[in-house]
Amino acid sequence: MHGVAGPRHVDAVRPVIEALLPCAVRVDVHVAGGQNTAFGVDDRVAIGRVEPHRAAVVLEGLLPRAGLKSPILCLYGPPGVGKTSLGKSVAEAMGRKYVRVSLGGLHDEAEVRGHRRTYIGAMPGRIIKSILKAGSSNPVFILDEIDKVTQNTVNGDPASALLEVLDPEQNNAFHDNYLDTDYDLSKVLFIATANDLNTIPRPLLDRMEVIPVSGYITEEKIEIAKRHLVPRELENTGLDQVEPKLKFTKASLEKVIENYTRESGVRQLEKQINKALRKLAFRQATDGQLPSNKITPDMLPGLLGKPPFYRDIYQGNDYAGVVTGLAWTSVGGEILFIETSLSKGKAGKLTLTGNLGDVMKESAVIALEYVKAHIDALGVDYRLFDQWNIHIHVPEGATPKDGPSAGITIATSLASALTQRKVRKNTAMTGEITLRGKVLPVGGIKEKILAAKRAGITDIVMCAENQRDVEEIPEIYRKGVTFHYVENVQQVWDFALTDELVAHPVQLVIEETTDQKEEKGQ
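Residues numbered from 1 in each chain as written. Predicted model: local features only at pLDDT ≥ 70, side-chain atom pairs only at ≥ 80, totals over all residues. Heavy atoms only, no water.

**Looking at the nonpolar core**
Now for step 1: Val371, Leu378, Ile410, Leu414, Leu418 and Trp493 are the most contacted members of the largest nonpolar core, which has 43 residues in total.
Now for step 2: When residues in this core are grouped by element, the largest group, seven residues, is from helix α15 (residues 407-419).
Now for step 3: Once residues lying within four places of it in the same chain are set aside, the contact partners of Ile410 are Ile338, Met360, Ser363, Ala364, Ala367 and Ile392. (Core = buried A, V, L, I, M, F, W, Y, C linked by side-chain atoms within 4.5 Å. Buried < 20%, exposed > 50% of the residue type's maximum accessible area, 1.4 Å probe, protein only. Helix = DSSP H or I, 4+ residues; strand = E, 2+ residues; numbered from the N terminus. Contact = heavy atoms within 4.5 Å.)

**Re the sheet that holds strand β6 (residues 189-194)**
Now for step 1: Strand order in the open sheet formed by five strands is β2-β3-β6-β1-β7, with parallel pairing between adjacent strands. Single-partner strands in this sheet number two, and they are β2 (98-102) and β7 (209-212). Strand-to-strand twist in this sheet, taken as the mean axis angle between neighbours without regard to direction, amounts to 25 degrees.
Now for step 2: Here five bridges tie strand β1 (residues 72-76) to β6, and the two strands are oriented parallel to one another. (Pairing = 2+ DSSP bridges. Axes fitted to C-alpha atoms, helices over the stretch in contact; angles between N-to-C directions.)

**Thoughts on the packing of aromatic side chains**
Now for step 1: Tallying each qualifying case throughout the model produces four aromatic pairs.
Now for step 2: For the pair Phe483 and Tyr485, a centre-to-centre distance of 6.5 Å together with 15 degrees between the ring planes defines the contact as stacked.
Now for step 3: By relative accessible area, which is 16% here, Phe483 ends up buried.
Now for step 4: Lying over the aromatic face of Phe385, Lys372 brings its terminal NZ or CZ to 5.5 Å of the ring centre.
Now for step 5: Stacked on the ring of Phe495, the Lys or Arg Arg424 has its end atom at 4.3 Å from the ring centre. (Phe/Tyr/Trp six-rings, centres within 6.5 Å; stacked < 30°, edge-to-face > 60°. Lys NZ or Arg CZ within 6 Å of the ring centre and 35° of its normal.)

**Details of the side chain of Lys401**
Now for step 1: One can find Lys401 in the loop between β13 (388-393) and α15.
Now for step 2: One buried charged side chain, Lys401, makes no salt bridge at all; its nearest oppositely charged neighbour is Glu396, positioned 6.1 Å away.
Now for step 3: Engagement of the side chain of Lys401 in a polar contact is seen with the backbone oxygen of Gly354, the distance being 2.8 Å.
Now for step 4: Contact partners of Lys401, with chain neighbours within four places excluded, come to Gly354, Asn355, Leu356, Gly357, Met360, Val394, Pro395 and Glu396. (Lys, Arg positive; Asp, Glu negative; His and termini not counted. Salt bridge = Lys/Arg side-chain N within 4 Å of Asp/Glu carboxyl O. Polar contact = N/O pair within 3.5 Å; in protein donor to acceptor, adjacent residues only side chain to side chain.)

**Quick word on the environment of Arg96**
Now for step 1: Residue placement: Arg96 occurs in the loop between α3 (83-94) and β2.
Now for step 2: Taking C-alpha positions, Arg96 is 7.3 Å from Asn138, a pair spaced 42 residues apart along the chain.
Now for step 3: Here Lys187 takes part through its backbone oxygen, which lies 3.3 Å from a polar atom of the side chain of Arg96.

Here you go:
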């Protein structure tokens, strides 16, 4: 009986063979007809938010070509913007199997590499188990929440174990401790998702191609709600069978987005839609009928309560020193107002308020220094700075604000306050400035343009180098807004400042000092 395995040996070897056999049979799934070999699947309305040149590179890498390795991608952005859904859509578009592993809270290296068979209850790692589950050697493999992997624990370092998985030079021979043999992962398309790149170890981040996925704009959220969220919630609340069919008007969806949510994604929007439909379902159950088959903006306070958020709107140009700026936030664009006030004082000091960050404070100092250096162009006496204090304020002091894009806005606000001239009506601006007055390009142009349109702005002043960003934005978003491209602050003043004074201008009187009086007496 020498060399013949006994029953105990068979029981020990059987699970290993059962794990090895599916891995040994390589099943490569390729796109058959190629009808969906692009990103433009219906699951994503706003795929244009992924930078076009990056999307082209990614798409080229995703196309199945024999003998070539798949890229290692990392989609990062705020929660709820559809990073995981995008990965699923990629799998459907390529005709590959889809498998997802959540790495949030992963604290054991054995979860990645598997346990050695000497341990009781040993099993393969989650990578191999997911490959077995997919039944394919080249699935689209989503590594969800890779930024939330626990590092340097008593059970090893899972983040370091992922280096072998995500390194194109090494993953063709990935070693799983349970199988105790190498497995080729080079044909697997790994797509990681993350909310914060700062928590990902640098060596791990270096092995991935990072693709930013920004938050949805209002117009995109409306389309997503109409195509996906509303039909899904109608089915969840049992109102999909109601005739005539219940629907939200476009104005009501926009009001829910603008006044009832503040988010980059659509999770809160989905909750608000569900809340409104639940109340209507309750009314139908109690009254036997719905008040209307259309949900209008006037019905929202009764369904969702008082709006907790409000958007700023343009407030006119009746005051000197008040200029409209444009800001980018993680939940979209916003308009903000820069206010400059002058008060009599001997110190001639500069005061900044409004919960400003260091970069924005520096922008204010640079703007003031530029105005002082070019005060003759404004026709103002330089002695004014010695006898009048300057106060710059940005409203909504509870909201932190930072960034360099308010540079030309602050410079224009100072010029308007010093000359008491009106700022051109329905005008907003964005751009960084230097000490020599050069206007530099800024980001978030698409979000800023849409925020300006919502606020009633018709003219936007920005850096000439931002023109290429504007041209990439679809015409439907640019319609109704005129863009004025500038290269220096003087061009901003020439356009934005009118020759008309405000209704009640402040008399900026400059008193003569004692030395000046003595000089006149002599």
